[in-house]
Amino acid sequence: MTKYFTQSNFADIMGVSMATMLKWEKNGTYLPENIRNARGEKLYDVMKLLDIPEVKSMVESNWDTEMQTKPLRDFTSVELFAGAGGLALGMEKAGFKHVLLNELETKACKTLLLNRPDWNVVEGDVRNIDFTPLKGKVDFVSGGFPCQAFSYAGKGGGFSDTRGTLFFELARAVKEIQPKVFMGENVKGLTSHDNGQTIETIKNTIAELGYTLVEPRVLKAIMYQVPQKRERLILIAIRNDIADRVQFHWPSPYERVMTLRDAFYKSVIFNSDVPDSEGAKYPSNKQKVLELVPQGGDWRDLPEDIAREYMGGSYLLDGGKTGMARRLSLDEPSLTLTCSPCQKQTERCHPLETRPLSVREYARIQTFPDDWQFYGSMADKYKQIGNAVPVNLAWAIGRSLIRLFNDIQQIMPQDTADVSNEVIKYKNLTLFG
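Below is a short write-up of the structure. (Residues numbered from 1 in each chain as written. Predicted model: local features only at pLDDT ≥ 70, side-chain atom pairs only at ≥ 80, totals over all residues. Heavy atoms only, no water.)

The subject of this paragraph is helix α6 (residues 106-115). For α6, the complete set of buried residues consists of Ala108, Cys109, Thr111, Leu112 and Asn115. Looking straight down α6, one finds its buried side chains confined to an arc of 155°; they lie on one side. The secondary structure elements touched by the buried residues of α6 are β4 (96-103), β5 (121-123) and α14 (378-387). (Buried < 20%, exposed > 50% of the residue type's maximum accessible area, 1.4 Å probe, protein only. Helix = DSSP H or I, 4+ residues; strand = E, 2+ residues; numbered from the N terminus. Arc of directions from axis to C-beta. Contact = heavy atoms within 4.5 Å.)

Written out as structure tokens, the structure reads:
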């Protein structure tokens, strides 16, 4: 366990801004030590922060024990909205056996098959898949459903009110398959979308389906060996006939926060330095501006005249605008990756070189292994990686789910169902009409 948190890492763990950290320091809520690290950053003694649940959970972590989790049998899975495979790969590493994965985008499907030719990847619109042949034969269903606008035409706020959304398709898959457990994941903002009506509708739908929802959590990826400030809302529901006999335990966090140094060089998450790969380039005028920004800096580090010219109308707008002209720091996690490494409002400049992050650097920040390849153009690859669930976050959740399934297996022993005949039918399925 690390002895000190830097001020920036402490802020990340707490999910607050540096302005809040300074306010805490000023009013004595949390005080840094009278020492600084080699980079001049303020340090906080971890052992003086044990009243904070997040910190205590890191100090008392069962990470190493949980890493030893093995499934008692082959637990089968269906995954919707699979993308480039971040969630699927994490779940596979935890021990799940995927019997079907669905994804709409052709290039993402080719990425999945490029890496896992034996996976049963069904390409096309999920609305055209009949899941009833798998009823009672699959243990687990999951999906990072895209967050579309919800309609509240009905008064019940349940299953019928989600029709037309992609959450409805996940719910329909659950209704038709009847797995023991299912999981949905989405952006943190879903909890507050439409003044909380959206999440209430989802909760009502889950109840209608005959499942008991574990109290949802927003998990910070930095707590689970992911060198990135990314947060995901995790919804896990257990079938009612099982729910009161078992308990789901959320994964323990890792003992420290991963940084870009851990991503780009040999570390506990990678056994070698990041390999060379293709990457976007800056136009010469943009490169000249970003060369003036130090590690961890942004537009505020530029001379005022250059900042005004570079930012244009944004210079006068309210807000921190800290994504503009942003250079990452080796000793901090990356900001949340987007679908492009060099969008003006969400800049992700390499910490040491004046260039956007390369494709392989992007993949490492999402904790994809170096042998996981991405199909398509360079822009396609950035998009697939930026949209993915971080593999190590999925793996940590997957280990918790495997422990849950092991508990279910102990009280309800069951053999793994053979779905080979059903899978053959899906292989010849045409979903585009």
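There is more to say, and it comes next.
A separate point is empty space enclosed by the protein. Empty space among the atoms becomes visible once a probe the size of a water molecule is rolled across them. Scanning the entire structure with this criterion turns up one cavity of 30 Å³ or more. The computed volume of the largest cavity comes to approximately 40 Å³. Residue lining of the largest cavity: Arg73, Thr76, Gly136, Lys137, Val138, Asp139, Lys180, Gln414, Asp415, Thr416 and Ala417, and that is the complete set. Here the lining of the largest cavity is built from residues that sort into two nonpolar, four polar and five charged. (1 Å grid on protein atoms, 1.4 Å probe; cavity = no way out; pocket = protein on both sides within 12 Å on 5 of 7 lines; lining within 4 Å. Points joined across faces, edges and corners; volume = space filled by probe spheres on them. Nonpolar A, V, L, I, M, F, W, Y, C, P; charged D, E, K, R; others polar.)

Now for the packing of helix α5 (residues 86-94) against helix α15 (residues 391-411). Interhelical geometry of α5 versus α15 gives an angle of 45° and a closest axis separation of 7 Å. Considered as vectors, α5 and α15 are oriented oblique to each other. For the crossing formed where α5 meets α15, the hand is right-handed. Along the contact surface, α5 presents Gly86, Leu87, Leu89, Gly90, Met91, Lys93 and Ala94, while α15 presents Val391, Ala394, Trp395, Ile397, Gly398, Arg399, Leu401 and Ile402. Residues that form the contact of α5 with α15 fall into these classes: 10 nonpolar, three polar and two charged. (Axes fitted to C-alpha atoms, helices over the stretch in contact; angles between N-to-C directions. Parallel < 35°, antiparallel > 145°, perpendicular 65-115°, else oblique. Left-handed = near helix turned anticlockwise from the far one by under 90°.)

Let us now look at the side chain of aspartate 298. Summarising the element assignment, aspartate 298 is placed in the loop between α11 (284-290) and α12 (304-311). In this structure, aspartate 298 is in contact with Val293, Thr322, Met324, Ala325 and Arg326, ignoring residues within four places of it in sequence.

This part takes up the pairing of β4. Taking burial as the measure, the eight residues of β4 include seven buried ones, the bulk of the element. Bridging between strand β3 (residues 75-80) and β4 involves five bridges; their strand directions are parallel. If you follow phenylalanine 75 over to β4, its bridge partner there is phenylalanine 96. For the crossover that starts at β3, traverses α5 and ends in the parallel β4, the hand is right-handed. In this sheet, β5 lies alongside β4 in parallel orientation, the contact comprising three bridges. (Pairing = 2+ DSSP bridges. Right-handed = clockwise from strand over helix to strand, strands pointing away.)

Time to look at the nonpolar core. With 53 residues, the main nonpolar core has Phe10, Val181, Met183, Ile236, Ile238, Ile397 and Leu401 as its most contacted residues. Of all the elements in the fold, those that place two or more residues in this core are α1 (7-14), α2 (18-27), α3 (53-59), α5, β7 (181-187), β11 (231-239), α9 (240-243) and α15. A per-element tally of this core places α15 first, with 10 residues. Once you skip the residues sitting within four places of it in the chain, leucine 401 turns out to touch Met91, Phe96, Phe140, Val181, Met183, Ile236 and Phe248. Counting residues in each nonpolar core, the second largest holds 35 residues, with Phe131, Leu134, Leu190 and Leu209 among its members. (Core = buried A, V, L, I, M, F, W, Y, C linked by side-chain atoms within 4.5 Å.)

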